[in-house]
Amino acid sequence: MKTGKEFIKTIFFVELIKGMAFTLKTLLFTPPVTRRYPNKVKVPAQPGFRGLHALAKNEEGKMKCVGCGLCGAYCPSKCIYIYTSEGEDHTKVVDRYEIETPRCIYCGFCVEACPFGAITLSEHYEYSTYSRDSLYMTKDKLLENWDKYFAGEKGKRYFRDFWRPKTTDFKGYEGQAMFKGNKNEK
Amino acid sequence: MITISINGKEIRLEKPMTVLEAARSAGIKIPTLCWHEQLEKYGGCRLCLVEVEKMPRLQTACTLMVADGMVIRTETGRIADVRRGILEFLLINHPLDCPYCDKAGECDLQDLVEKYGPVTGRFKEKKRKVPESLEDPVIVRNMERCIVCTRCVRMCEGVQGASAIAVIDRGGHSHIEPFSGGRFDCEYCGNCVSVCPVGAIMSKLHRHSYRPWQLVDEVETICPYCGVGCTLVVQVRDDVIKRVVPKLGTVVNNGLLCSRGRFGYEFVGSKERLTKPLIRIASKTHDASRVTHNEIFREATWEEAISFVAKKLEEIKDKYGSDSIAGIASPRCTNEDNYIFQKFMRTAIGTNNIDSTARTGFAGAQNFIENIFGQGATANIIPGLSNSDSVLVIGGDPTAINPILGLQIRACSRKGGNILTIGKVKGLRFFNPVSLKPVLYTETVLLEGIVTALRERIGLPGSNPNLEAGIKDINISDGEIEKTCGIKGNDFTMFMKILSESSTPSIVIGKELVQSNSGNYKLLLIAAINYLINGRIYLLSERANEQGLLDMGCAPDLLPGYRPLTFAEFRRKYENSWKTSIPDKVGFSIFEMMDAAKEGSLKALYVMGENPVFNLPDARSVEAAMKNIDFLVVQDIFLTETARLADVVFPALSWSEKDGTFTNMERRIQRLRKAVHREGMEDWRIISEVSKHMGVPLNYSNPEDIFNEVSKVSPLHRDMTYEDIEKGEAVYPYKGEPLRGVSEEIKFQVPSSKFQVSDKKLYLKLERPLFHSGTLSTKAPALVNIYPEAMARISPDTAKSLSLGDGDIVRVSTKIGSLELPVSVDKELDNSSVLLSNNFEGKGAFSLMEYTLDSVTKAPCIDYNEARIEKVNI
Ligand code: SF4
Ligand code: SF4
Ligand code: SF4
Ligand code: SF4
Ligand code: SF4
Ligand code: FES
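Just so you know, these numbers come straight off a predicted model, no measurement behind them. (Residues numbered from 1 in each chain as written. Chains lettered and ligands numbered in written order. Predicted model: local features only at pLDDT ≥ 70, side-chain atom pairs only at ≥ 80, totals over all residues.)

S.K.: Give a description of the pairing of strand β20 (residues 505–509) of chain B that names residues and reports values.
M.R.: All names here are of chain B. Across the five residues that make up β20, a large majority, five, are buried. Covered by surrounding structure in β20 are Pro505, Ile507 and Ile509 together with Ser506 and Val508, the residues of both alternating faces. One ladder, built from five bridges, connects strand β17 (residues 390–394) with β20; its direction is parallel. The partner of serine 390 across the bridge, within β20, is proline 505. (Buried ≥ 20, exposed ≤ 12 C-beta atoms within 10 Å, placed from the backbone. Helix = DSSP H or I, 4+ residues; strand = E, 2+ residues; numbered from the N terminus. Pairing = 2+ DSSP bridges.)

S.K.: Any chance you could break down the environment of B:Glu303 for me, citing the residues and the numbers?
M.R.: All names here are of chain B. Of note, glutamate 303 is situated in helix α8 (residues 302–320). By the C-beta count within 10 Å, which is 11 here, glutamate 303 ends up exposed. Between the C-alpha atoms of glutamate 303 and histidine 693, which are 390 residues apart in sequence, the distance is 9.9 Å.

S.K.: Which residues make up the site of ligand 4, and what values go with them?
M.R.: Near ligand 4 there are 14 residues, and of these B:Cys146, B:Cys149, B:Cys152, B:Cys196 and B:Ala200 occur at the shortest range. Of the residues assigned to the shell around ligand 4, the class counts are 12 nonpolar, one polar and one charged. (Near = placed C-beta within 6 Å. Nonpolar A, V, L, I, M, F, W, Y, C, P; charged D, E, K, R; others polar.)

S.K.: Kindly report on the interface of chain B and chain A, identifying the contributing residues and their values.
M.R.: Each partner contributes to the interface: chain B provides 19 residues, whereas chain A provides 17 residues. Partitioned by chemical class, the residues of the side of chain B that touches chain A number nine nonpolar, five polar and five charged. (Contact = placed C-beta atoms within 7 Å.)

S.K.: Provide a residue-level description of helix α21 (residues 590–599) of chain B, including the pertinent values.
M.R.: Residues and elements named next belong to chain B. Of the residues making up α21, those classed as buried are Ile590, Phe591, Met593, Met594, Ala596 and Ala597. Looking at the buried positions of α21, the neighbouring elements they touch are β15 (325–328), β16 (354–355), β24 (604–608), α22 (612–615), α23 (619–627) and β34 (852–853). Downstream of α21 by a residue or two, glycine 600 has a phi angle that is positive, lying close to 95°.

S.K.: Go over the sheet that holds strand β10 (residues 217–222) of chain B, please, and point to the residues and values.
M.R.: All names here are of chain B. Strand order in the open sheet formed by three strands is β10-β11-β12, with antiparallel pairing between adjacent strands. Of all strands in the sheet, those bounded by a partner on one side alone are β10 and β12 (240–245). Averaged over neighbouring strand pairs, the angle between their axes works out to 30° when direction is ignored. Sheet topology places strand β11 (residues 231–237) next to β12; five bridges connect them, and they run antiparallel. Considered in β12, the bridge of arginine 237 is made with valine 240. (Axes fitted to C-alpha atoms, helices over the stretch in contact; angles between N-to-C directions.)

Given below as structure tokens:
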């Protein structure tokens, strides 16, 4: 049962009027918080932002990826396609490495899964276009992305500060075994 | 009853077994590495350690037998510590190159380390480095990864029986050697590949092009090569077959395969495959081998080619009558294809001129044996062989012709059974055979001697008077055998002792026997031996569906279900169900077709999935006959020698691109399943299209439809469905009625004169290699890598007398032709033979072999071709 006071409030729309007044006040007397993107305001992504993918290159400028397929296996939206074959010298060659970015959810699992730190997510996020095809990342495009978005110090910092692949300092549950790389390699 | 408790769960067991087996039967998983259900127990890896109450030390579950009242724990802290330790030791030398290793994802070591392994290793020294070896044609070895579980060695020695590998060196240097090149040759079965728990031994095929979890499409189907009918699992990625693996628990091959089945699948994706129908533009007198196929044919649309064929066949039928047309069916095509083909020939064309290359041995021999023992006499279960107490092998090497059947014979020997061989059986030479090797052309005498001795030892049982009438007068004494066949008396006595005393004997008959002089008489003698010892007969079958094609009625004298055409009653039944009339005249056999073609009375020939120009003896005259045919239609997957002579060539879908059924040599019907897609039509569909254009519609929408009709009309397959086949219930005698107890009078011919042989002469013999089957396998690069080219095999003595060595080029010539080939010296060979295979294009033994037809089995006898060898100087 409503009290008399509440009853009066309801009849005279007191709450409604209060709300409207607040709206009006905000509308007229506070500055807008909307950022005028992309024409006026452009805030750079913070380091570690998960944007467009890139395939890392090593010091010699060669692709780091060996085509182990772990990123693709781990990817929750299954948008990474990897095709490998046996090369001339019988080693494994990555023929195609493709990411269907429209389906990517930028979870970063691929980055974590990679034992070599070969797949990365750059800070670049502005790549909306009018065609789907250009959103389909091929191996060449992904390698290009590395040069574009991780050139020089940036790449190094990326690995130092942010995406540390599971294999270097991951702590699993107690007793879990993991691949720690081969310390005495070659 | 034994009661034990594992992890607090009470388990009651009927019979003694190991703790591991008991745990598995109760669904408790114990980790293992060296144990494998197909192999002998080893107890080497110690990963399966369990705690047993009242036993102070941990015990290996895979070797410990259960005892009543045992209390076992499989996962305790103590066990975990030990397992962690073992895995840490294994990882000391294991490279941990999982990202590159093709095994990752299905590697036992990876899984176990993930579950039980140490967090990090404490071992600081360098790991061993062994370069990967790619020397073998189909196997890659990476001995860094080997954990010395010896599964591969136990597989190779104890199951495959090749003993090609062993653990070499000790401790951290242990590795597995030598595969090929050792004293015992690797048979490239790849069974070691299936059991290796890590990536130490792997297949070279499609290496690095897939990860196990990417092989999402998996299809269970039947091997396309031989009559054993092994179940294969075809694994596909993006419509390309990436690998073929066996499956544990399948009836015929239970987790094993031979080199052809495992490594021979690549022909499917061959670039040489036909894609479009072809119509001839060049004249027939062209030497087809000299010109490219663009000069002989033009590409046509399906519609055009089909209506053209239909029109031409109609014309020929109207002008020269139905019997001027003939058809050759295929032992590589499914039952459904073959059923439709014979129905097409019998209804749309109206002739019984239909036959196949099964006529070159299998059909005649089976018919002969069934006439004596009743239908189904050769339908014996293959795994049963290993339970025989003796196996008699004659007329071929089962370990090369039907390798998985051969393994059963080896298993029989291992279980203590006796192996008896007549003639050279290379694949069984290490299995303690009692081997009789009669001098050339004296096999008949030896067999007569065996029959005589058995008759004396066992006596005639009297149940088959017909057969007994045939053998009662045979009388060859031991002395005569020694004199004529050059067999020592002792050997013969031992042989006879084993044979006559065995209670569950089996007899394995190869085609060589059927294709030799007086083959029918030898078959009679073998039948008599079988009768006297009460054995089971296995007839080796070189093609996947040789049996099925006969069951489907692709024979000039048989209707589907093995019903003789000459019985009006049977004919009427088929006429009623097909609603048409069937000619009553028995048609041409495949050899009669060739004769008719030569003399010009055969005007048209329809060849489905067969290559008679290559696969029939005296190939050159077959070629001449084919050229003499007005209208030749060939349906195949490659442009074969025969297809090159055709007027119209239809490209067909191959083995893994279609559905259907195969019937193996034990008469088990099994499902063939489509694994990859390809544009085009199945053989049966092409034929029904042609038939439709001829005004005789054969309306089926899929192979199951066809099979349902078969099970309606063929009394042998009555009421059988695809469902029964899937359930594995399609084993002879099925649900229908075989024609048992047909006891016609036994026809045979006692050879009148014995062949005169001189030691000086060489005879050309057919080699039936393990790594090839017909020409199909030569389109599979892996098999070609193993066995790359045709070779003339001669004995060391022959080689010496002609001063020849391995690799020298010689000219092998017979009366009808000659070939230039490299020589290979074969220690096992006798001095009177030159072996040549019939697999490689342009180098087939059949192009040098004349034949005479056996008067009863109608099989070609090809063992009398004298050959000369001379060195070619280059
Ligand atoms: S970020 Fe996540 S969704 Fe996107 S590709 Fe990587 S794993 Fe897949
Ligand atoms: S996980 Fe890394 S190395 Fe493996 S395929 Fe993906 S990007 Fe390449
Ligand atoms: S392939 Fe077969 S024969 Fe060769 S080593 Fe392996 S198991 Fe032995
Ligand atoms: S090669 Fe494989 S199967 Fe053989 S011993 Fe080594 S790990 Fe075991
Ligand atoms: S034994 Fe015959 S059916 Fe089995 S895998 Fe070998 S070729 Fe195929
Ligand atoms: S599985 Fe028992 S010791 Fe290896």
